[in-house]
Amino acid sequence: MGVMTERPIRLESPPARDEHKLTWRAKLRRDRSLLLMNLPMLLLVLAFWWVPALGNIIAFQDYNPYTGGILESPVIGFTNFALLFQDPQFLRAMLNTLSITAFQLVFYFPVPIMLALLLHSIVSARLRAFVQGVVYMPYFFSWVLVVAIFQQMFGGAGLLAQLLRERGHEGVDWMTNSDTFILLITTQTIWKDAGWGAIIFLAALSTIDPNLYEAAAVDGARRWRRLWHITLPGLRPVIVLLLILRLGDALNVGFEQFMLQRSAVGSGASEVFDTFVYWSGLRTGDLGYGAAAGLFKGLVGLLLILAANRVAHALGERGVYSRS
């Protein structure tokens, strides 16, 4: 009898399906669990974002809520937008907003990254938890309290001015100096929000494989080399994502912080988009004009996000979104 040999059984994996060839019904069946999980949030977004966004039509109307409302107010096309670009206060608000955004992009955006790196380097878990609690705390303060604290520290009768006068120097009042207002609000933003902003970067640092640091140390890489070749590349996707979102939010620099300090430094230094919409739209009752300013702000933010996302794709990053 001949010796019978068994042929090895070859297990072939099923051919991968081309995602681009799936119909929308197949994708719906595939992702139905995820869609059901996101349904409550989608309903909230629909009710409180998309439906109210339909009210932006008043930017193209001579809107009067008392005589006709949205349905009967006459349509005037782009007249409100043309008036915006002829308004010197609007141009000043746009210039102030862009200047503040550019300044904070350089001097504020890197601060949470550096703070996260410092916190991550603390060996003692108890000391790290204590420092994190201290730097997170200002985030929960209201802007009223933040401005009051800075007034007590750097105002004309504040602690710094009193110490200078006791030593024979002239006191300073940084809270009413319009020339240094951009530096003041950036300092306030760093003190209030940098600790909270570091949380995302700390989470990204925790995903980096510790074996990479050990292998680099064995190869003789010092701390700065490990930071440059391991830590920063691990943080790069998060940095790019937050940078894109910050650019999309470029014209939204805040409202309370500027309204609280408007009387101290004047409207020339503190007028930004949000305060302009309030004074020109809500306070005067010209809601169509204010809606035009707000719609312009939103469209510019959308264009900045799309442009920054395309640049991120060109650099090899995923960005905010990518086509599947």
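For the protein chain, the name recorded in an unreviewed UniProt entry is ABC transporter permease subunit, with Nonomuraea bangladeshensis as its organism. In its Subcellular location (unreviewed entry) section, the UniProt record describing the protein chain reads: "Cell membrane". As recorded by UniProt, the Sequence similarities (unreviewed entry) comment attached to the protein chain reads in full: "Belongs to the binding-protein-dependent transport system permease family."

(A) Geometry of the UniProt feature "transmembrane region" (unreviewed entry) in the protein chain. Using the residue numbers shown here, the UniProt feature "transmembrane region" (unreviewed entry) corresponds to residues 34–51, 97–119, 139–161, 227–245 and 287–308. Between the end C-alpha atoms of residues 287–308 there is a gap of 31 Å, over a span that is 100% helix and 0% strand.

(B) Structural detail: the packing of aromatic side chains. Across all of its chains, the model carries 21 aromatic pairs by this definition. Here Phe-103 and Phe-107 contribute two aromatic rings whose centre-to-centre distance is 4.6 Å and whose plane-to-plane angle is 35°, an arrangement assigned as tilted. With Phe-103 and Phe-107 both in helix α5 (residues 88–107), this residue pair falls four residues apart, about one helical turn. Of the residues examined, Phe-103 reaches a relative accessible area of 23% and is grouped as partly exposed. Judged by its relative accessible area of 47%, Phe-107 falls in the partly exposed class. A centroid spacing of 5.5 Å and a plane angle of 80° characterise the contact between Phe-140 and Trp-196, whose relative ring orientation is edge-to-face. Placement of Phe-140 in the loop between α7 (125–136) and α8 (143–154) and of Trp-196 in helix α10 (residues 181–206) is noted, with a sequence separation of 56 residues between them. Taken together through their ring pairs, the aromatic side chains of Phe-85, Phe-90, Phe-273, Phe-276, Tyr-289 and Phe-296 make up a single cluster. The ring of Trp-143 is capped by Lys-192, whose NZ or CZ atom sits 5.2 Å from the centre of that ring.

(C) Local environment of a nonpolar patch on the surface. A cluster of nonpolar side chains, contributed by Leu-36, Leu-39, Met-41, Leu-42, Leu-43, Leu-44, Leu-46, Phe-48, Trp-49, Trp-50, Val-51 and Leu-54, occupies part of the molecular surface with about 1,400 Å² of accessible area. Along the chain, Trp-49 falls in helix α2 (residues 32–53). Of the residues examined, Trp-49 reaches a relative accessible area of 64% and is grouped as exposed.

(D) Seen up close, the side chain of Thr-275. Considering the arrangement of structural elements, one finds Thr-275 in helix α15 (residues 273–282). Among the polar contacts listed, one links the side chain of Thr-275 to the backbone nitrogen of Val-272, at a separation of 2.9 Å. With residues near it in sequence (within four places) discarded, Thr-275 still touches Phe-255, Phe-258, Met-259, Arg-262 and Ser-270.

(E) Structural context of the UniProt feature "domain: ABC transmembrane type-1" (unreviewed entry) in the protein chain. Mapped onto this numbering, the UniProt entry gives "domain: ABC transmembrane type-1" (unreviewed entry) at residues 94–308. Between the C-alpha atoms that bound residues 94–308 the distance is 20 Å, and the span itself is 77% helix and 0% strand.

(F) The arrangement of the environment of Leu-232 in detail. Locating Leu-232 in the fold gives a position in helix α12 (residues 223–248). Look at Leu-232 and you get partly exposed, because its relative accessible area is 27%. When the C-alpha positions of Leu-232 and Leu-117 are compared, they lie 9.7 Å apart, and in sequence the two are 115 residues distant.

(G) Seen up close, the packing of α8 against α10. Relative orientation of the contacting elements α8 and α10 amounts to 120°, with a least axis distance of 11 Å. As summarised for this structure, α8 and α10 are arranged oblique, according to the angle between their axes. The two elements α8 and α10 cross, and the hand of that crossing is right-handed. Across the interface between the two elements, Trp-143, Val-146, Ile-149 and Phe-150 from α8 touch Leu-184, Thr-187, Gln-188, Thr-189, Trp-191, Lys-192 and Asp-193 from α10.

(H) Highlighting helix α6 (residues 110–121). For α6, which comprises twelve residues, the first-to-last C-alpha distance of 17 Å matches the rise-based estimate of 16 Å (1.5 Å per residue) to within 8%. Those residues of α6 lying buried are Val-111, Pro-112, Ile-113, Leu-115, Ala-116 and Leu-119.

(I) Fine view of the pattern of salt bridges. What the rule picks out here adds up to five salt bridges. Across the pair Asp-31 and Arg-30 runs a salt bridge whose closest N-O atoms are separated by 2.9 Å. The partly exposed category is assigned to Arg-30, whose relative accessible area is 39%. Between Asp-193 and Lys-192 there is a salt bridge, with its nearest N and O atoms 3.8 Å apart.

(J) Spatial organisation of the nonpolar core. In terms of nonpolar packing, the biggest core is built from 19 residues, with Ile-113, Ala-116, Phe-201, Leu-202, Leu-205, Leu-235 and Ile-239 touching the most fellow members. Secondary-structure elements contributing two or more residues to this core are α6, α10 and α12. Setting aside anything within four residues of it in sequence, one finds Ile-113 in contact with Phe-201, Leu-235 and Ile-239. Ranked by size, the runner-up nonpolar core spans 17 residues in total, among them Ala-59, Leu-84, Met-94 and Phe-273.

Cut-offs used in this document
Residues numbered from 1 in each chain as written. Predicted model: local features only at pLDDT ≥ 70, side-chain atom pairs only at ≥ 80, totals over all residues. Heavy atoms only, no water. UniProt positions renumbered as here; feature names shortened; annotations may be inferred. Helix = DSSP H or I, 4+ residues; strand = E, 2+ residues; numbered from the N terminus. Phe/Tyr/Trp six-rings, centres within 6.5 Å; stacked < 30°, edge-to-face > 60°. Buried < 20%, exposed > 50% of the residue type's maximum accessible area, 1.4 Å probe, protein only. Lys NZ or Arg CZ within 6 Å of the ring centre and 35° of its normal. Patch = residues over 30% accessible without salt bridge, like charges linked within 9 Å, V, L, I, M, F, W, Y side chains within 5 Å. Areas by Shrake-Rupley, 256 points an atom, 1.4 Å probe, with all protein chains shown as cover. Salt bridge = Lys/Arg side-chain N within 4 Å of Asp/Glu carboxyl O. Polar contact = N/O pair within 3.5 Å; in protein donor to acceptor, adjacent residues only side chain to side chain. Contact = heavy atoms within 4.5 Å. Axes fitted to C-alpha atoms, helices over the stretch in contact; angles between N-to-C directions. Parallel < 35°, antiparallel > 145°, perpendicular 65-115°, else oblique. Left-handed = near helix turned anticlockwise from the far one by under 90°. Expected span 1.5 Å × (residues − 1). Core = buried A, V, L, I, M, F, W, Y, C linked by side-chain atoms within 4.5 Å.

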